[in-house]
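As a plain string of letters, each chain reads:
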Amino acid sequence: MMSGKLFVISGPSGVGKGTLREHALNNIPGLVYSISCTTRKPRDGETDGVDYRFISHEKFREDIERGLFLEYAHVHEDYYGTLRADVEKELGRGRNVLLEIDVQGALQVKEKMPDAVLIFVAPPSIEVLEKRLRGRNTESESSLKVRLGNATKELELQNRYDYVIVNDDLDSSCEELRRIIL
Ligand code: ADP
Ligand code: 5GP
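Definitions and cut-offs
- Residues numbered from 1 in each chain as written.
- Chains lettered and ligands numbered in written order.
- Predicted model: local features only at pLDDT ≥ 70, side-chain atom pairs only at ≥ 80, totals over all residues.
- Heavy atoms only, no water.
- Pairing = 2+ DSSP bridges.
- Helix = DSSP H or I, 4+ residues; strand = E, 2+ residues; numbered from the N terminus.
- Axes fitted to C-alpha atoms, helices over the stretch in contact; angles between N-to-C directions.
- Contact = heavy atoms within 4.5 Å.
- Core = buried A, V, L, I, M, F, W, Y, C linked by side-chain atoms within 4.5 Å.
- Buried < 20%, exposed > 50% of the residue type's maximum accessible area, 1.4 Å probe, protein only.
- Polar contact = N/O pair within 3.5 Å; in protein donor to acceptor, adjacent residues only side chain to side chain.
- Near = heavy atom within 4 Å.
- Areas by Shrake-Rupley, 256 points an atom, 1.4 Å probe, with all protein chains shown as cover.
- Nonpolar A, V, L, I, M, F, W, Y, C, P; charged D, E, K, R; others polar.
- Parallel < 35°, antiparallel > 145°, perpendicular 65-115°, else oblique.
- Left-handed = near helix turned anticlockwise from the far one by under 90°.

Where strands meet in a sheet, backbone hydrogen bonds hold them as pairs that are either parallel or antiparallel. An order of β2-β7-β1-β8-β9 is seen for the five strands of this open sheet, with the pairing classed as parallel. Only two strands of the sheet have a single neighbouring strand rather than two, namely β2 (31–33) and β9 (163–166). When strand polarity is set aside, the average angle formed by the axes of neighbouring strands in this sheet is 25°. Seen against the sheet, helix α3 (residues 84–92) touches β1 (6–10), β2 and β7 (96–100) and runs at an angle of roughly 150° to β7.

Here's what the structure looks like:
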């Protein structure tokens, strides 16, 4: 029986996780992304069922009670979670699965699936992180404050990860991630 491997990327908002993830999915054959559920509202350009499954708080609570989540967490100001069935199905098919989830979720996954490979993406500095997050132009000032405020706490947990990538030069980081996964 051939089973795929599970890779988990975390890091503070704006550090470049989404960018690295997209590069990995486009360049690594046999790697699939598990689409998370969230109660957050879609940003401009985000599509339901592609970027996330955008669901209501009621539905999210229901799915928690039905035990559908491999992990879930309250992040920033919303709920986010990974559906267990999605991940198990892909791993069972022999695919490598990539999750892009927050630190609380990553540690839950490691507890349930100790073979999962945890990868933390860190910024070169907090100043650079703020610049990237502002440059992305997706957050209100209050959401930005929440995200930067949480960054320090998230950075403290990077020593619990198997690998840390400091996302300074994007090409080098993409290559580092590719090497870890392959
Ligand atoms: P996250 O998914 O971690 O919130 P994004 O992937 O959306 O972060 O990246 C935040 C912003 O920073 C985006 O505008 C992205 O283009 C930019 N970015 C990502 N990686 C780098 C990098 N190594 N150098 C400069 N800018 C980057
Ligand atoms: P964003 O709102 O910027 O898309 O994501 C906010 C945070 O939620 C990021 O740290 C992201 O990694 C995390 N996140 C996205 N999906 C999940 C998930 O399924 N579970 C958990 N625990 N965190 C998630």
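From this point, the narrative continues.
Below, the discussion takes up the nonpolar core. In terms of nonpolar packing, the biggest core is built from 21 residues, with Phe7, Ala24, Leu31, Ile119, Leu177 and Ile181 touching the most fellow members. For this core, the element with the most residues is helix α7 (residues 170–181), which contributes four residues. Among residues more than four places away in sequence, those in contact with Phe7 are Asn96, Val97, Leu98, Leu99, Val117, Ile119, Ile180 and Ile181. Grouped together as the second largest cluster of nonpolar side chains are 19 residues, Val8, Leu99, Ile101 and Val109 included.

Turning to the side chain of Thr39, a few remarks are in order. Secondary-structure assignment places Thr39 in the loop between β3 (37–38) and β4 (53–54). Within polar-contact distance, the side chain of Thr39 engages the side chain of Asp78 at 2.9 Å. Within the structure, the side chain of Thr39 is placed 2.9 Å from the backbone nitrogen of Tyr79, a separation counted as a polar contact. In this view, Thr39 contacts Ile55, Ser56, His57, Phe60, Asp78 and Tyr79; residues no more than four positions away in its chain are not counted.

This paragraph deals with the sheet that holds β3. The strand order across the open sheet formed by four strands is β4-β3-β6-β5, and the pairing between neighbours is mixed. Of all strands in the sheet, those with a lone pairing partner are β4 and β5 (69–75), marking the two edges. When β5 meets strand β6 (residues 78–83), the two strands line up antiparallel, connected through six bridges. Among the inter-strand pairings, Ala73 is bridged to a residue of β6, identified as Tyr80.

To continue, consider the site of ligand 2. Taken together, 17 residues lie near ligand 2, and Ser36, Arg40, Tyr52, Tyr80 and Asp102 sit nearest. Within the side chain of Arg43, a nitrogen or oxygen atom sits 2.8 Å from an oxygen atom of ligand 2. Within the contact set of ligand 2, an oxygen atom lies 2.5 Å away from a side-chain nitrogen or oxygen of Tyr52. In isolation ligand 2 offers 520 Å² of accessible surface; the protein chains occlude 96% of this area. Going through the elements one at a time, β5 and β6 are the ones with two or more residues in the shell around ligand 2. In terms of residue class, the shell around ligand 2 is made up of five nonpolar, five polar and seven charged.

Let us look at the packing of helix α1 (residues 17–27) against α7. Each pair of packed helices can be described by the angle between their axes along with the distance between the axes. Where α1 meets α7, the axes come as close as 10 Å, and the angle between the chain directions of the two elements is 55°. As the angle between them shows, α1 and α7 are arranged oblique. The crossing of α1 and α7 is right-handed. In contact with Thr19, Leu20, His23 and Ala24 of α1, α7 contributes Leu170, Ser173, Cys174, Leu177 and Ile181. The residue makeup of the contact of α1 with α7, split by class, is six nonpolar, three polar and no charged.

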